Amino acid sequence: MRDAHARAVGVRIDGGCGFMSRLSDHNVIVARDIIGRYPRPKSALIPILHLAQEQDGYLATDAMAHIADLLGVTPAEVYGTATFYEMFKFEPVGRYCINVCTNISCQLLGAWELLEHAEETLGVRSGSTTADGMFTIEDVECIAACTEAPALQVNYRYRYKVSDDDFDRLVDDLREGRLIEEIPPHGTLARVRQRTPDNWAGTGKAAQEAVDAR
Amino acid sequence: MSETTADTPSFHVAGLVPTGPKLVTGRFDVEDGHTYDGFVRTGGYAALRKALTSMSAQQVHDEVRTSEMQGRGGAGFPAGVKWGFLPPDVYPRYIVVNGDESEPGTYKDRMLMELDPHQLIEGVLLACYAVGAAQAFLYVRGEMPLAQERIATALNDAYAHNLVGANILGTDFSTDIQLSWGAGAYIVGEETALIESLEGERGMPRLKPPFFPAAKGLYMQPTIVNNVESLANLPWIINESGQAFHDLASPTSTGMRMFAVSGHVNNPGVFEVPNGTTTFRMLVEAPEYCGGVRDGRRVKAFVPGGASAIWFFEEHLDLPLDKATVDQAGSMLGSGAIVIMDDTTDMVAACWRIVRFFARESCGKCTPCREGTTWLERILKRIIDGHGRPDDLGTLLAVCESISPGLAWPPRQTTICPLGPSAVSPIASAIVRFRDEFDHYIEHGRPIDGVHRHAIHGTGAHV
Amino acid sequence: MSDSTKNEQVADEQTTAAEPVAEATEGTDENVATEVAEDAAAVIPAAEGSASDEAGVEADQPGAAETDSEAETTVTTSTLTVHIDGGEHEVEPGKLVIEACLDNDAYVPHFCWHPRMSSVGMCRQCLVEVEGPRGPMLVVSCMTPVSDGQIVSTKTDTVKRSQEGVLELLLANHPLDCPVCDKGGECPLQDQAFSHGPGESRYVEEKRHYEKPIPISDLVLLDRERCILCDRCTRFADEVAGDKLIQFTSRGNDTQVMTFPDEPFASYFSGNTVQICPVGALTATPYRFKARPWDLEQRESTCTTCSVGCRTVIQSSRDELLRYQGVDSDPVNWGWLCDRGRFNFESVNSEHRIAEPMVRTDAGLIETSWNAALKGAATLIRDTLADGGPERIAILGGARGTNEDAFAWAQLADAIGTPFRDAQLGDGLPATVLGLDRATIDEAANASTIVLLGPDLKEELPVLYLRLRDAAEKRRSRIVEFSAVETGLTRYAWKSVRHQPGTQTAAVGDALADEEIGAQLAGGDVVVVVGRANLAESTHATMSALGALRAAVPGAKVLPALRRGNVVGALSLGMAPAAADHDGLAALNAAADGGIDLIVLVGADPLNDCPDADLARRALAGARRIISIDTITTESTKLADVVLAAAAYGEKAGTTTNIEGRVTRLAQKVTPTGTVRPDWMIAIELGQMLGDNLFGPGHPLGRVAGVDDITDAIAGQVVGYAGVTREALDAERDGVLAGVVATELEAPASSIAGRNSYDYRLMVSRKLYDRAVGTAMSRSLANLAPGPAAHLHPLDLDSLGVADGDDVKIVGAKATAVLAAVADASIQRGVVWAPFNQGGGRIEDVIDASAPVTDVRIEVIQ
Ligand SMILES: Cc1cc2nc3c(=O)[nH]c(=O)nc-3n(C[C@H](O)[C@H](O)[C@H](O)COP(=O)(O)O)c2cc1C
Ligand code: SF4
Ligand code: FES
C-alpha cells in the first residue's frame, strides 16, 4: 500500500538510498531556533521545509516525517502544507532551476519566444530537467520584475531583459561554474539567517501562551 | 476631461507633470542605503526615536489617521481607520507585513525590501508601537531571496542596535519582528491566506465574516495586515506629520505612491508620483516617466491596477491616479501595476494569459474558483490553439456568471475571496471590447492580422 | 418519501437533520455558532458575497457597517423570528441560517456543511439570499448566523441560478460512473443534480484523471476523480477523531485528499468518513460492490460491540447483513461509530457460526435436534443439582446479549438457586460501581473536570473517547488522568498522572494534595470515569483509588467504563454476583479446585475473556460439565458437553443497556442462521424442561409469547427499570435511562508487596482490535490486531541488552511467555506493557489473577 500511495502522489520513497533525508544535526539546531521565535511551533513549518530543501535540494519523505516530529504534528499535515506551495519539490530537480516568467508583462515583450529558445538550447521542454541533472526549466507566473521584461530567475536569482544571447551566455556561465558565488544550488534562498539575539523580547510567544492556557 | 490627443499631451509643457518629494524611494540611489550605516546616515530611525521618546501610541495612530494614507496592497483601505478596528483590550495583537508581492504587473514592494529594508523595519516598529503589537511578522515572498537576505541582515543589525526586541532604545516598549517567507503561492497575498500560511497551514483564505484579521487574525488574535509600501511610508509621516502627507497630493488619494509601468512603453519603470493628481497619460508619455508607447504606437488597452483589474482603454488615459475616480470609472488602482498593451497586442492571448494565472493560483478551497477558473482557462487555451467552438463565448460568459453573478463592478462573488472573480475581469473586459478578435480566432484558428502572435506552447506559433 | 431520499437519510447527516438536529447545537456546533453570531455583531452583514476587497469596498472591513446592528440582538433574545420564504419561524439564537431552513422544511442544498462539524463554507452550494441594508445579498447559509427579523429566501431566481451554477461546476470534473458507484442511488450529488441541476453539461474539456480507487487504509478506498473536495473527511479526521492522517494536498484544480506517502489513514474511526462523504469518493472495502442502495432494507438499532451504545441502522439485502451506519443520537454517539462496531457485522455472516445445537458424543460435538440438546442440558443441570446442589453450578456471561437474554438467564439462575453467577470474568470491576451516583455521557462530556481512572478509552470505548476528547478540545472540560501508560486521551488531558501499576491510590492521594488539582476538583462538577485499566492487576487498586476520590470529592459522579456490550444491563438485571465470593473469578477458582461441577457459559469464553488464562483452563478442566450458549465456535465451546446455538446481533430483537444505564432497542433485521434461538428463549425452554413449576404461572417468565413480554416483565420486576416500558422506548428515540439502585462502595485497602526478584511490573490492556470473535471472525478486521508484543522503555531494553524486535521471555511466578520486545518511549521504566488477547506468546498465561499485581522478570533469549 505504501507503494500505491507513493505512485498516486508521485513521490519517491527513499529507502535510505544515499540521500541525506532526515535533517542533519546542525539543521535540527537551526530548526529549533526558528521554532523558538514563533508563538506556536507549527508556524515554523514553511521556514523549516525550506531548510530541508536547502539540505537536499528537494523535500525527501523522511525529512518531512522528521519535521513533523520536531513540530509535534502529523506527517500528513506537513505534506498537506508543503504540496500547496510551488517552490517545494518532491523529487530531485536540476542543480539550477531556470524559471522564465511568461506572465502578461513578459509575454508582451517576448517571454514565450525566450522560453522557446531556452528549450532549444537546453534540449528539454519546459517542466523538465536536462539529462545531466544541471537544469530544470519552467514557465512561471509573475516574478515581480515586470518593468524588466522578459525576466527570469535562476534558483530565484534575477536576470532582466534577457535576450536569446543572454540566455546562452547564462547557461554557459552556469555550466562552467562561473556563477558559483552568486547562485547557490537549488534549495538555498537567503544566505543570511535571522538570529535569535540576546535582546529577543519573546513578548509574542509569552502572550500567546498565556492565551492558549486559558 | 481632456481635449488633447496622444500627439500633443498638454503636460509636455514644462512643469505640468506634478512632482513631489520621494517619501519611500529616496534611498534607492544611495549605494549603501540598504545597510544600517547608510540608513542612519540618511536620517533613518529618527521617526522611531521621535515616536518612542516624544509621542504616545495614540498620537502615532492619530498622525496616520490624519494622513488618510490608503493601503498600498490593493484594497486601498485607509490604514489609520483599519488600525481603529482592533477591539479594545484584546491582547496579544500582531502586525503582519504583507511582502508577498505577486500580482502580475506589480513591482515595488520587492524594491522597498531589497533597497531600503531598514525603512520598512522602522515603519513596522511604528505600527507595532501605535497598536501595541506583541510581535510583528514580516512575510516576504518565497521567490525573493535577496529581499530575505537584506531584511535578515537589517533585522540582525537593528536588534544589535537595540532598535527591535526588548526595551527598544531604552524605553519600556518591547516588540519582536520575525522574518518569515513563503514558498510560491499568489493567494497567500490575500491577508487571511497569509495568516494561514504564517500558521504553517495551506494558504487558503478564511471567510470574512467572521474572520476579519482585526478581530480574529493570527492565532485568532487581533491582527493588522499591512502592505510593505504602506508601512514604508510611516517614517515620513511621523517625521513630517500626517497633515504634510495629506497635503502632498489629492485629498481623495493622499501622499506619494509607487506605480510600476510595464509592457509596451519606451522606458518601463517604477515611479513614485503624487497620488491622485498624476494621470495615466503622464506616466505613459512624459519623458521623465515612460516616454511614450513603443514605436509611437497607440494604446489598445491597459491594465490600471494589477491583473485583477478590469482593463482600461485609450479613452481612460487622462484619468488621474485617484482611487475614487478610478473606482467610479469601473476599475481599480489595486496594487499600482499598470500594464500597457499597444495595438499589436493579441487581446485573446493576453486575456488567456491573465486567466491562466488565476487558474494556476486558485487555492482550490471553494468550488466556483477551483473549477471555474480552470474551465475558463481551458476554453481560452483551446481558442488560441485554434480549436475554438461557436458556443465557447457563451460558455465563457456563463461560467463567469457562476463565479461573479451579474459581472458587476465591484464584483459580486459566489466565491470565498476575490481571486475567483479576478479571473473574470480580463474576460469581461476583452470580450466586450474585442469580440471580433475572439470570433476571428474561433472561425480561423488564428489571431486577426496585424497582431503579434506569441510562441505559446500548443498554439501553431510554438515549434 | 422516495427510495433515494429514504436511503440518503442513512447515508448522510440527514439522519440527524430530521429532528435531533434541534438538540445538535447544544453540543459541537454551539461554540462555533455563537462565535459566528458574535462576530457578525462586531462586523458587517453586508460584505459577504458582494464585496471585493480588491475593489476596496469599505464594507469589507470590520466595523465599517456597524450601523446595521440587527445581529447584535441575536445574543440577547431567547428565540428569534426568522422569515423563510415568506413564512415566519421561531429559531434559537446561535443557529445558522441553513439549520433554520432545514428545520423548517426549506431545503437548502449543501455538501460541505455537516451538523456535527465546524462550518467551512467551501462548496458554496448552500447560497441563499438574505435581505440586507442594500437589498438581497447572496450568502452561504452554513456560515451565516440567524438574526431577529432576518428575511431569508431560498427559492428566488438568483438563488436558483447560483446554486445551478455551483452545481454545474461541481459536476464539471465529476466522472460519469454513477452506474458502478457504491454511492449511486444514495448520493447527495446525484440527487442534487436531478433536483437542482442545470441538466446538460457544457463542459467539453477533458476531465481530471487520477488512478482509480487507491487504498488509503485497510478499510477505506479513495477515488479522487469523484471527490468534490468538501473537506468533510479531512475535517472529521482533524476535528472529530483527532487523527490528522488525511489532508488536502496540492493546490487549486489539482487539490486532492491524500495521506502522507508512508502513513495510511489508520484511524479507528475511518468508516465515518465513508458515511459522511457526499459522493462515492470514499468507499469501504467490506461493503464495496455488495449492494445497491435501493436493494437495502434497514432498521434502527444499537451497536453492542462495546457498552457505549451507539445508535445505528443495520442494513441488509437479500437477508444478509451488509452495512451498519451511525445514527445521530444526541446524548450518545452524535452519529459516529468506531470501525470495529461498524464492520464487525461480517462475523454474523461468518462460516464459523454455530447454526445448530450440538451434544458431545464419543465422536466429539455433533449437531442434534433442539429437543435432544435441551434435554441433554436439562439433564446435566438436574444431575448436578441432585449430586451436589446449586452451589456446584455456575452461570457465567450474559453481557454479550440483550437485556431480555440476561434477565431470562438470571431468572433461571434464581430458579435453580445458584449463587455463582457473573456477567464478568474477572475482567471488569465489582458490580457495586453500578450503584454509585451515575453520570451520563453528556454529564461527563460537560463536567468541569473529568477524572480518568480506567482503561484507554480510545481502545475500549472508542466513541466515549470521541465525546470526551471533544469536551477537552472545546474547552468545556479539563481531564485529569491517572494511568500507568500513555492513553489516547493523554494528549488532551489537562493533567496526566503516571503511576506504577497498582499504585493508583497513592497517585490519587498525591494529586488530591496538589494545590492546583485540588482546586480544580473543588470547583465545578466532577465525573470519574472508572474501569479496569490493567488486567494484570486486581481490582483493589482501582476501587480503593475510587474510594479515595469519592471521599475527597463527595459530589463526584461516576461513569463506569465497563466494556462488553451489555455488561451493565446484565449486571443490573440479575447477572451480578450477590457477593464477591461468588463472582466470576470465585466461580472459576472454585471450579479449578473441584468445587463446581457444571459451568453454564452464556455467550462467555473464559479462555479468551478471563485475564488469567491458566485459571480459566484449570476451571474448565475442573468442572465436569460445560454447557455453552454461543453464536460462534470458540475455544471454550469446543470443550462443552452441550452447545446451544444462539441468535446473533441482527438476528434478534430486544433492548440493551449502555454504561449510562440508557436502554435502547435492538432490531432484528435478518432471518437467524440455521435453527439458532435467542438466549432468552433458550433459558425459558430450559426452565420448562427442568420442571413445570420452575417458571409457573405468576412467574415473570410464566407466560412469554415473545421478547416484548420479557421487556414488560423487566419493567414490572426490576427496580430501576420501572420507567423502561415499551411505550417509553417507542416514544424516546434516544432511549430511556434506567434508574440506579444505590449501593455502598466498600473501598478495599490496597497494598502491594515489593517486587523481589521480579523487577518488572506487568501491565496488560486491550487494543481495539484483538482476537475476540466479533473481530477475528470479521474478515476486514481480523488482520488489524497489532499482534502480541512486549513494550518496554528503550533504556530498559538497553540495560537488558535487547534490541527492538528481539524475542524476550516474560517470566512470571506461574508461567513464561515469549514475546517480541518493542522499544516504546511512552512506557515507564520498570514496566512491561503487553496488549491483551493477541494470540501468539500468550501473556495471559503469565497473569496471576490472585495477585494484586503481576510482577515478572525479563530474560533474554540467547
Ligand atoms: C488574491 C489576493 C492577492 C493579494 N495579494 C497581495 C499582495 O501580494 N500584497 C499585498 O500587499 N496585498 C495583497 N492583497 C491584499 C491583502 O489582502 C490586504 O488587503 C493588504 O495586504 C492590506 O494591506 P494594506 O491595507 O496596507 O494595503 C491581495 C488580496 C487578494 C484578494
Ligand atoms: S476564490 Fe479561489 S483563491 Fe479564493 S478561496 Fe476560493 S478557491 Fe481559493
Ligand atoms: S454547505 Fe455551505 S458552503 Fe458548503
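Worth saying up front: this structure is predicted, and the values here are computed from it rather than measured.

Let us now look at the overall build of chain A. For chain A, the helix and strand inventory stands at nine helices and five strands. Listing every helix and strand of chain A by position from the N terminus yields α-α-α-α-α-β-α-α-β-β-β-β-α-α. Scored against the burial criterion, the 214 residues of chain A give a buried share of 61%. In chain A, the share of contacts with a sequence separation of at least 24, taken over all contacts with a separation of at least 6, comes to 66%. Both charge centroids of chain A, one from 22 positive and one from 32 negative side chains, sit 7 Å from each other.

Quick look at the overall build of chain C now. The number of helices and strands found in chain C is 27 helices and 34 strands. Its C-alpha atoms give chain C principal-axis dimensions of roughly 90 × 60 × 50 Å. Taken across its 862 residues, chain C has 64% of its residues classed as buried. Accessible surface, chain C: about 29000 Å² in total, of which carbon and sulfur atoms supply 49%.

What follows covers the site of ligand 1. Residue and element names in this part refer to chain B. Near ligand 1 there are 20 residues, and of these G73, K82, N226, N227 and S230 occur at the shortest range. In the model, an oxygen atom of ligand 1 is placed 2.7 Å from a nitrogen or oxygen of the S230 side chain. When isolated, ligand 1 has an accessible area of 610 Å², and the protein chains bury 97% of it. Here the shell around ligand 1 gets three residues from one element, more than from any other, and that element is strand β4 (residues 223-227). Split by residue class, the shell around ligand 1 holds four nonpolar, eight polar and eight charged.

This part is about the site of ligand 2. Of all residues adjacent to ligand 2, which total 13 residues, the nearest are C363, K365, C366, C369 and C417 of chain B. Across the shell around ligand 2, the residue classes break down as eight nonpolar, four polar and one charged.

The description of two packed helices rests on the angle between their axes and on the distance between the axes. Residue and element names in this part refer to chain C. The N-to-C vectors of helix α10 (residues 370-388) and helix α22 (residues 679-690) enclose an angle of 65°; their axes lie 9 Å apart at closest approach. You can see that α10 and α22 cross each other, and the crossing is right-handed. Along its contact with α10, which presents W370, N371, L374, K375, A377, A378, I381 and R382, the element α22 presents I682, E685, L686, M689 and L690. Partitioned by chemical class, the residues of the contact of α10 with α22 number nine nonpolar, one polar and three charged.

All names here are of chain C. With respect to burial, strand β24 (residues 625-630) is a largely interior element, five of its six residues being buried. Bridge count between strand β23 (residues 598-602) and β24: five bridges; the pairing is parallel. In the sheet register, L598 faces β24, and the bridge partner there is R625.

This part covers the pattern of salt bridges. All names here are of chain C. Taken as a whole and assessed by the stated rule, the structure comprises 96 salt bridges over all chains. With its nearest N and O atoms 2.8 Å apart, the salt bridge here joins K814 to D612. Placement of the pair is K814 in the loop between β31 (807-811) and β32 (816-823) and D612 in the loop between α20 (606-609) and α21 (613-622), with a sequence separation of 202 residues. Of the residues examined, D612 reaches a relative accessible area of 2% and is grouped as buried. One connected set of salt bridges, linked through shared partners, spans R400, D427, E460, R564, D609 and R766.

Interfaces are frequently sized by the accessible area removed from exposure as the parts join. Facing the 65 residues of chain A at the interface are 87 residues of chain B. Around 6100 Å² of area is buried between chain A and chain B when both sides are counted, 53% of it from carbon and sulfur atoms. Remark: the boundary between chain A and chain B carries six salt bridges. Across the pair K42 of chain A and E201 of chain B runs a salt bridge, and its minimum N-O distance is 3.0 Å. Applying the counting criterion to the chain A and chain B interface returns 48 residue pairs in polar contact (both at pLDDT 80 or more). Contributing elements (two or more residues each) for the side of chain A that touches chain B: α3 (45-56), α5 (75-84), α6 (104-108), α7 (111-122), β3 (135-140), β5 (157-159) and α9 (203-212) of chain A. Each residue belonging to the side of chain A that touches chain B can be placed in one class, and the counts come to 30 nonpolar, 18 polar and 17 charged.

The strands that make up a sheet pair up through hydrogen bonds in the backbone, lying either parallel or antiparallel. Residues and elements named next belong to chain C. A sheet is described by the order of its strands in space; here three strands give the open sequence β11-β12-β13, paired in antiparallel fashion. The sheet is open, and its two edges are formed by β11 (297-302) and β13 (320-326), each paired on a single side. For this sheet the average axis-to-axis angle between neighbouring strands, irrespective of direction, equals 30°. Examined bridge by bridge, β11 and strand β12 (residues 311-317) share six bridges and lie antiparallel to one another. Across the sheet, R299 pairs through a bridge with I314, a residue of β12.

This brings us to the packing of aromatic side chains. According to the stated counting rule, one finds 29 aromatic pairs over all chains in the structure shown. Chaining the aromatic ring pairs together yields one cluster made of Y38 of chain A together with Y94, F137 and Y219 of chain B. The positively charged end of R37 of chain A is found above the aromatic ring belonging to W200 of chain A, 5.9 Å away from the centroid.

What follows covers the sheet that holds strand β17 (residues 420-422) of chain C. Residue and element names in this part refer to chain C. One open sheet holds the seven strands; their spatial order is β15-β14-β25-β24-β23-β16-β17, and the pairing between them is mixed. Of all strands in the sheet, those bounded by a partner on one side alone are β15 (364-367) and β17. Within this sheet the neighbouring strands show an average axis-to-axis angle of 15°, counted without direction. Bridging between β24 and strand β25 (residues 642-645) involves four bridges; their strand directions are parallel. Following the sheet pairing, I627 is matched in β25 by V642.

With that settled, the discussion passes to the side chain of H791 of chain C. Residues and elements named next belong to chain C. By the element assignment, H791 lies in strand β30 (residues 790-792). What makes H791 buried here is its relative accessible area of 16%. Of the polar contacts made by the side chain of H791, one reaches the side chain of D824; its length is 2.9 Å. Ignoring sequence-local partners within four residues, the contact set of H791 consists of V822, D824, I827, V831, V832 and W833.

The linkage connecting A149 of chain A with the following residue, P150 of chain A, adopts the cis geometry, with an omega of -10°. Its place among the elements puts P150 of chain A in the loop between β3 and β4 (152-154). That bond from P209 of chain B to P210 of chain B is cis: its omega, 5°, falls within 30 degrees of zero. Mapped onto the elements, P210 of chain B comes out in the loop between α8 (191-198) and β4. One non-glycine residue, N162 of chain B, adopts positive backbone phi at about 60°. Looking at the element boundaries, N162 of chain B is found in the loop between α7 (145-160) and β3 (176-181).

This part covers the side chain of R208 of chain C. With respect to the helices and strands, the residue R208 of chain C is situated in the loop between α6 (188-196) and β6 (214-215). With residues near it in sequence (within four places) discarded, R208 of chain C still touches E371 of chain B together with N173, E225, C227 and N253 of chain C.

Each value, and the rule that gives it
Residues numbered from 1 in each chain as written. Chains lettered and ligands numbered in written order. Predicted model: local features only at pLDDT ≥ 70, side-chain atom pairs only at ≥ 80, totals over all residues. Heavy atoms only, no water. Helix = DSSP H or I, 4+ residues; strand = E, 2+ residues; numbered from the N terminus. Buried < 20%, exposed > 50% of the residue type's maximum accessible area, 1.4 Å probe, protein only. Contact = heavy atoms within 4.5 Å. Lys, Arg positive; Asp, Glu negative; His and termini not counted. Charge placed at Lys NZ, Arg CZ, Asp CG, Glu CD. Areas by Shrake-Rupley, 256 points an atom, 1.4 Å probe, with all protein chains shown as cover. Near = heavy atom within 4 Å. Polar contact = N/O pair within 3.5 Å; in protein donor to acceptor, adjacent residues only side chain to side chain. Nonpolar A, V, L, I, M, F, W, Y, C, P; charged D, E, K, R; others polar. Axes fitted to C-alpha atoms, helices over the stretch in contact; angles between N-to-C directions. Left-handed = near helix turned anticlockwise from the far one by under 90°. Pairing = 2+ DSSP bridges. Salt bridge = Lys/Arg side-chain N within 4 Å of Asp/Glu carboxyl O. Buried area = accessible area lost by both parts, 1.4 Å probe. Phe/Tyr/Trp six-rings, centres within 6.5 Å; stacked < 30°, edge-to-face > 60°. Lys NZ or Arg CZ within 6 Å of the ring centre and 35° of its normal.

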